[in-house]
Amino acid sequence: MTNKMWGGRFASGPSQIMEEINASIDYDQRLYNQDIDGSIAHALMLADVGILTKADTKKIIAGLEKIRKEIEAGTFQFSRQLEDIHLNIEARLKDLIGAAAGRLHTARSRNDQVATDFKLYVRNTIDHLQEQIGSLQYALAEKAQDYADCVMPGYTHLQSAQPVTFGHHCLAYVEMLARDQSRLTDARKRLNECPLGAAALAGTSFPIDRKQTAKALGFERPTANSLDSVADRDFILETLSTASISAIHLSRLAEELVIWSSAEFNFVTLSDSFSTGSSIMPQKRNPDAAELVRAKVGRIIGAFNGLAIVMKGLPLAYSKDMQEDKEMAFDALDNYSLALAAMTGMVKDLKPNKEKLKAAAGGGFSTATDLADWLVRVLNLPFREAHHVTGSIVALAENQNLTLDELSLTDMQTIEPKVTKDVFGVLSVQNSVKSRTSYGGTAPTNVRKMAKKWIKSLEKTNLAG
């Protein structure tokens, strides 16, 4: 038989294969709250402009609230024959209140309805994600404050470069996540326009009040073009793009945790809460949570790429292709949220190995730049000449299997006679990090100040978790 919700034009119903490819209720049922909220706002507006009677409006709203309770209680029967969440709710509403249910769809289409539902869902999800990002930032800022003077090696090319502090390293990710917050804020602002009332693509001849429904649903304004209203999926593309960038940040931190927790590095320890064992090797403690966070970025970027490919060739306005937007978006945003939660737990849980970090910080002649700077500052050598002198001193220390601060003054003077014993004041890793007091530098005083600033800011904006 035909679908009674739309089948008047058809003599027979869809084939089983058509039903299979056409149905989205398996995943879009999670939009039930947004669909019901949108329908209530639409019904109230229709009543206010005289399209619905007060009696029908009261029945519709009561029926919708009953449906909400049924879904939340798990007693609602979803039907794949009814394709999607919109038709499932409308059919159940008709069962509950009769013919009045059919009046609810006046002056709207599933095209503007699904766009509205999806925007509401994405907006709610962004709010939740921003809270989660704030919790991770707060955990990192607290860790930075606790380990502001914990010296560790800083790397370029994964080669020991200059000493930094563990706290400074944590704050680098706080800054990355702040940019993620900013991008989500921008995405939320741009999506906060209401498509409801655009109908199928051309608007409607009914005297509706789109500003009323937009306001009732918390949107800033109604969308300005009915074609764009139903054809637009920029809002989810932008959100997935932002989630992809942020997931890359999480993956980079996860990669460091995997490396740092290895026996070869032993920079940090993750507790049993975020580690697993091996089925055959009893000594193993695997950083599986970090590895899985690292892997989530593939799913998230994949969703963005997938939807971009779906949208790239679509003419205006709505095409059924756009039904493919939700399943991949739900999966990506769910996994991004899970990755944020897991990373927050790991950051709170991890314990830096101070002695190991300190020993590693002095490796690879990491204070060579401090030596070059001293030659410039004290001996007034041009930096390029100081760079050359330092390189020669490093080569000499390497030949003797010594660190720079272990090399004798006499040996240094064979390369640059003007070097004095004061040079040893800059060759320790502790003095190196203390000297980096420029704004944004790794000096412990800087780190404490910046960590305190972030903690205060996150607490003020209720993003502290």
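Before going into details, it helps to say that this report is about the structure given with it. Computed from a prediction, not measured in an experiment: that's the story for all the values here.

Reading the values: rules and limits
Position numbers for residues count from 1 along each chain, tracking the sequence in the order it is written. Given that this is a predicted model, residues contribute local features only at a pLDDT of at least 70 and side-chain atom pairs are listed and counted only at 80 or more, while totals for whole chains, interfaces and linings are drawn from all residues. Side-chain metrics rest on all non-hydrogen atoms present in the structure, leaving aside hydrogens and water. Helix and strand definitions here come from DSSP, where helices need a minimum of 4 consecutive H or I residues and strands a minimum of 2 consecutive E residues; each element is numbered from the N-terminal end. A radius of gyration in this sense is built from C-alpha atoms; the matching globule rule multiplies 2.2 Å by the number of residues raised to 0.38. In this scheme, a residue with accessible area under 20% of its type's maximum is buried, one over 50% is exposed, and one in between is partly exposed, where area comes from a 1.4 Å probe on protein chains only. A contact between two residues is defined here by any heavy atoms of the two lying within 4.5 Å. Note that accessible areas follow from Shrake-Rupley with a 1.4 Å probe, and for residues the cover is restricted to the protein chains shown. Residues counted as positive are Lys and Arg, residues counted as negative are Asp and Glu, and His and the chain ends are not counted. A single reference atom marks each charge: NZ on Lys, CZ on Arg, CG on Asp, CD on Glu. We call two N or O atoms a polar contact when they sit within 3.5 Å, provided that within protein one can donate a hydrogen and the other can accept it, with sequence-adjacent residues counted only if both atoms are side-chain atoms. Buried and open spaces are told apart on a 1 Å grid over the protein atoms alone, a cavity being a set of points where a 1.4 Å probe fits but cannot get out and a pocket being an open set with protein on both sides within 12 Å along at least five of seven lines. Residues with an atom within 4 Å of a point are the lining residues. Grid points are joined across faces, edges and corners, and a volume is the space filled by probe spheres set on the points. Nonpolar residues are Ala, Val, Leu, Ile, Met, Phe, Trp, Tyr, Cys and Pro. Charged residues are Asp, Glu, Lys and Arg, and all others, Gly as well, are polar. Take the buried Ala, Val, Leu, Ile, Met, Phe, Trp, Tyr and Cys residues and link them wherever side-chain atoms come within 4.5 Å; each set so joined is a nonpolar core. Planes of paired rings set the category: under 30 degrees apart is stacked, over 60 is edge-to-face and the rest tilted, where pairs are Phe, Tyr or Trp rings (Trp by its six-membered ring) whose centres lie within 6.5 Å. In this analysis the charged atom, NZ for Lys or CZ for Arg, is taken to sit over a ring once it is within 6 Å of the ring centre and within 35 degrees of the ring normal. In short, DSSP must find at least two bridges between two strands for them to pair.

1. Focus: the overall build of the protein
- For the protein, the helix and strand inventory stands at 18 helices and six strands.
- Its C-alpha radius of gyration of 30 Å places the protein more than 25% over the 23 Å reference for a compact globule of 465 residues.
- With the C-alpha coordinates of the protein rotated into their principal frame, the extents come out at 100 × 50 × 40 Å.
- A burial count over the protein gives 48% of its 465 residues as buried.
- Contacts in the protein between residues at least 24 apart in sequence constitute 75% of all its contacts with a sequence separation of at least 6.
- Surface exposure of the protein reaches about 22700 Å², of which carbon and sulfur atoms provide 52%.
- A gap of 5 Å separates the mean positions of the 54 positive and 56 negative side-chain charges of the protein.

2. Digging into the side chain of Ser246
- Here Ser246 shows up in helix 10 (residues 234-260).
- According to the relative accessible area criterion, Ser246 is buried, its value standing at 0%.
- Look past the residues within four positions of Ser246 in its chain and what remains in contact with it is Leu177, Asp180 and Tyr336.

3. Looking at the side chain of Thr223
- With respect to the secondary-structure elements, Thr223 resides in the loop between strand 4 (221-222) and helix 9 (226-231).
- The class for Thr223 is buried, based on a relative accessible area of 7%.
- There is a polar contact of 2.8 Å between the side chain of Thr223 and the side chain of Arg210.
- Residues in contact with Thr223, not counting those within four places in the same chain, are Lys119, Glu193, Cys194, Pro195, Arg210 and Ser229.

4. A closer look at empty space enclosed by the protein
- In the structure shown here, the tally under the stated rule is two cavities of 30 Å³ or more.
- One number sums up the size of the largest cavity: a volume of about 70 Å³.
- Lining the largest cavity are Leu140, Lys143, Phe166, His169, Cys170, Tyr173, Leu253, Leu257, Trp260, Val347 and Leu350.
- Counting only elements with at least two residues in the lining of the largest cavity, the list comes to helix 6 (110-146), helix 7 (166-191) and helix 10.
- Tallying contributions element by element places helix 7 first for the lining of the largest cavity, with four residues.
- A breakdown of the residues in the lining of the largest cavity according to their chemical character gives nine nonpolar, one polar and one charged.
- In this structure, the second largest cavity encloses a volume near 30 Å³.
- When residues of the lining of the second largest cavity are traced back to their parent elements, those giving at least two are helix 3 (32-48) and helix 5 (85-97).
- With three residues, helix 5 is the largest single contributor of residues to the lining of the second largest cavity.

5. A short note on the nonpolar core
- Ranked by size, the top nonpolar core spans 94 residues in total, and within it Leu140, Phe166, Ile236, Leu250, Leu257 and Met343 carry the most contacts.
- Beyond its immediate sequence surroundings of up to four residues, Leu257 is in contact with Val268, Ala290, Met343, Met346 and Leu350.
- In terms of nonpolar packing, the next biggest core, distinct from the first, is built from 18 residues, Leu381, Val389, Ile393 and Leu404 among them.

6. A word on the packing of aromatic side chains
- All told, the structure shown has seven aromatic pairs when counted by the stated rule.
- With centroids separated by 4.9 Å and ring planes inclined at 65°, the aromatic side chains of Tyr121 and Phe330 adopt a geometry described as edge-to-face. Placement of the pair is Tyr121 in helix 6 and Phe330 in helix 12 (residues 325-349), with a sequence separation of 209 residues.
- Here the aromatic rings of Phe265 and Phe267 are separated by 5.1 Å at their centres, their planes lie at 80°, and the arrangement is edge-to-face.
- Sitting above the plane of the Phe219 ring, Arg123 keeps its charged end 4.8 Å from the centroid.
- Across from the ring centre of Phe118, 5.6 Å away, lies the NZ or CZ of Lys326, which sits over that ring.

7. Re the pairing of strand 1 (residues 151-156)
- Two strands pair when backbone bridges link them, and strand 1 and strand 2 (residues 159-165) are joined in this way by six bridges, in the antiparallel orientation. Residue Thr156 lies in a different strand from strand 2, and its bridge partner there is Gln159.
- Between the antiparallel neighbours strand 1 and strand 2 lie two residues, among them His157 with a positive phi of about 60°.

8. Comments concerning unusual backbone geometry
- Cis rather than trans, the peptide bond between Leu316 and Ala317 has omega equal to 10°.
- Mapping Ala317 onto the fold places it in the loop between helix 11 (288-311) and helix 12.
- If you check the backbone angles, Glu83 has positive phi at about 70° while not being a glycine.
- Topologically, Glu83 is positioned in the loop between helix 4 (54-73) and helix 5.
- Of the residues examined, Glu83 reaches a relative accessible area of 5% and is grouped as buried.
- Phi is positive for His157, close to 60°, though the residue is something other than glycine.
- Its place among the elements puts His157 in the loop between strand 1 and strand 2.
- Residue classification places His157 among the exposed positions, given a relative accessible area of 75%.

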